Amino acid sequence: MDWRNKLDLIQNKIRGQLHARKIDDLEGVYQLMAEFDRDNSGYLDKDEFQKFLSKIGVFLTTQELRAVYDKYDQNKDGNIAYAEFVNLIRENMSEKRINVVRSTFSFLDQSRQGRLQLESLYRLYQAKNHPRVRTRQKTSEQITKEFVNAISKRSKDGQSINEEEFLNYYADCNATLPSEKEEYFTDLLTSTWGVTSGADYVSPERLAQLEIILFEKIRQKTVTKDDEGKTAKKAFMYFDLENKGTIDIYQFAQALQKFGCVFSEKEIQALFNKYDADKSGRLCYDEICGLIALMGSGNNANVNPVFQIARAPPQDTLNRIRNDLIKKGQHSVIRMATIFTNSDKNKNGTLNRQEFQWAMKESGLLLTKTEYDNLFRYFDKNCDDEVSFVEFIAFVRKPLSQYRLDLANQLWNRISNGESQISSQLLKQYYDSSKSHDVNTNIKTVADANKDFHDIWKDIQVVNQQHFIEYLTDISALIDNDQAFEKFIRYAWK
């Protein structure tokens, strides 16, 4: 086998060796790497990295080491940052593992709020059933301490956690589990959360079977010239008495019965919950029909599905928006968020179609009517002709990757010197506009860049870490690569 093609195998072996050393979270990975960091720089050079690999039982040839080192040295500075290494071993979480995590979150989220309180999770977590405890490799106390420490760091508000943050916690666990440990991963979740003992639990495998059965029943009722999406929509429309384009759980159950699907109540609820992505208690059935149509398109080559997935991201439009924002400078996401907030006249976090269009134009984003419609339809999650502009802004800004988050936290620690908050005046003293991303990319002059930065902070007296990280997240959204972001972090701040 060519050594260049062995990278995935080597990476999987690294995960396996970390697991064998009873390292179950990223904290343990960081601690182990620190043992070989002679100057406490947060980086490993090639010699240190080789010793680290040897310590965990991964022995490589010179060519293999060079290939692995080049992969982990993302910014090509000759060193491997802890964050660079960790960021890559967190990748490639299998679809099965993702489904198990999402299914577990749904099981725990009984109220369908989309968030779980950390205090509640601490009480529900059954450390005694963890595979490490059952095999006497660790104590319940050790597992509990590791769990509380790791999952609390994934909570943005320090009090609760949403599905994505829950998934990120288990992506950390995935980083120290090789691919062949699929059953271990499933056991890890089901045993510590007791999901198999829940009366309402439906496994991901069974949920997939239900979808296949539903499709097959619809297919049987579809005439040759039609497609499955049309058949499904006719049935859903029949039970949509108010013609809103949405149905509730009871109407959904009636439609399933019409198709001839004899499912249990918990199975119907589980299927409904999967499609009810925003936890609103109603399904926009055009979206389901689009999925069904696409499933059926492979069965009859002469039939083109009449549905698209109704709220598939309008990627071309979003890319155009992003490119326009880049041209306006690194603070344009922040300005857009302010405009959208000011457009929300009744302060309920949503904008109607007219307000949304006005806010887009006020932000200097001029789109065609079709682009506005596609964009609005995608973010109108529950089909009530209102858009959550918070979700829209979040979609544009995207969260920081672990690598960028670590850089941001390192910068905050340097500026704040351990304090929980600092004055905006102190923050301004640390910033060098002449080395900003806008100036480096010739978008703005030093004077304009300096004015922009001061305008952003002019009405703010005190800055805490969360506020500062959110600010850097907005900047990061318009910087394409990690190297450029790191350059901004390291050189634009004195």
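Because the structure is a prediction, the values reported are computed rather than measured.

**What about the confidence of the model for the protein?**
As a note on interpretation, predicted positions should not be read in detail where pLDDT is low. Averaged over every residue, the pLDDT of the protein is 82; residues scoring 70 or more account for 92%. Predicted confidence is poor over residues 299-310, with pLDDT under 50, and the contacts of this stretch with residues over four places away or in other chains come to 29 contacts.

**As for the packing of aromatic side chains**
Under the criterion given, the structure shown has 33 aromatic pairs. Aromatic pair Tyr125 and Phe147: ring centres 3.8 Å apart, planes at 5°, arrangement stacked. Here Tyr125, found in the loop between helix 7 (118-124) and helix 8 (131-134), pairs with Phe147, found in helix 9 (residues 140-152); they are 22 residues apart in sequence, far enough to count as distant. Across the pair, Phe147 and Tyr125 agree in class, each one buried. Ring pairs connect the aromatic residues Phe105, Tyr122, Tyr125, Phe147, Phe166, Tyr169, Tyr170, Phe185 and Trp193, which therefore count as one cluster. Over the aromatic face of Tyr238 sits the side chain of Lys258, whose NZ or CZ is 5.1 Å from the ring centroid.

**Considering the pattern of salt bridges**
Applying the stated criterion to the full structure yields 23 salt bridges. With its nearest N and O atoms 2.9 Å apart, the salt bridge here joins Arg132 to Asp24. With a gap of 108 residues between them, Arg132 in helix 8 and Asp24 in the loop between helix 1 (7-20) and helix 2 (26-34) connect regions that are remote in the sequence. Residue classification places Arg132 among the buried residues on the basis of a relative accessible area of 4%.

**Section: the side chain of Asp438**
Its place among the elements puts Asp438 in helix 24 (residues 437-440). As a buried residue without a salt bridge, Asp438 has its nearest oppositely charged side chain in Lys444, at a separation of 4.8 Å.

**Concerning the UniProt feature "domain: EF-hand" (unreviewed entry) in the protein**
This chain's UniProt record puts "domain: EF-hand" (unreviewed entry) on residues 24-59, 60-95, 227-262, 263-298, 331-366 and 367-402. Span residues 60-95 is 56% helix and 6% strand, its end C-alpha atoms 30 Å apart. Between the C-alpha atoms that bound residues 331-366 the distance is 19 Å, and the span itself is 61% helix and 8% strand.

Basis of the calculations
- Position numbers for residues start from 1 in each chain and track the written sequence from start to end.
- Totals for whole chains, interfaces and linings use all residues, but because this is a predicted model, local features are given only for residues with pLDDT of at least 70 and pairs of side-chain atoms are given and counted only at 80 or more.
- With hydrogens and water set aside, each side-chain value is computed from the structure's full complement of heavy atoms.
- What pLDDT expresses is the predictor's confidence in each residue, scored from 0 to 100.
- We call two residues in contact when some of their heavy atoms are within 4.5 Å.
- Any pair of Phe, Tyr and Trp rings, taking the six-membered ring for Trp, is counted once the centres come within 6.5 Å. Such a pair is stacked with planes under 30 degrees apart, edge-to-face with planes over 60 apart, and tilted for the rest.
- Labels follow the DSSP assignment, with helices taken as runs of H or I lasting at least four residues and strands as runs of E lasting at least two, numbered in each case from the N terminus.
- Here's how the labels work: a residue is buried when its accessible area is under 20% of the maximum for its type, exposed when over 50%, partly exposed in between, all with a 1.4 Å probe on protein chains only.
- Both a distance and an angle decide whether a charge sits over a ring: NZ of Lys or CZ of Arg must be within 6 Å of the ring centre and within 35 degrees of the ring normal.
- Think of a salt bridge as a Lys or Arg side-chain nitrogen and an Asp or Glu carboxyl oxygen that are within 4 Å of each other.
- Positive charge is attributed to Lys and Arg, negative charge to Asp and Glu, and no charge count is given to His or to the chain ends.
- UniProt positions are given in the numbering used here, feature names are shortened, and annotations may be inferred rather than shown by experiment.

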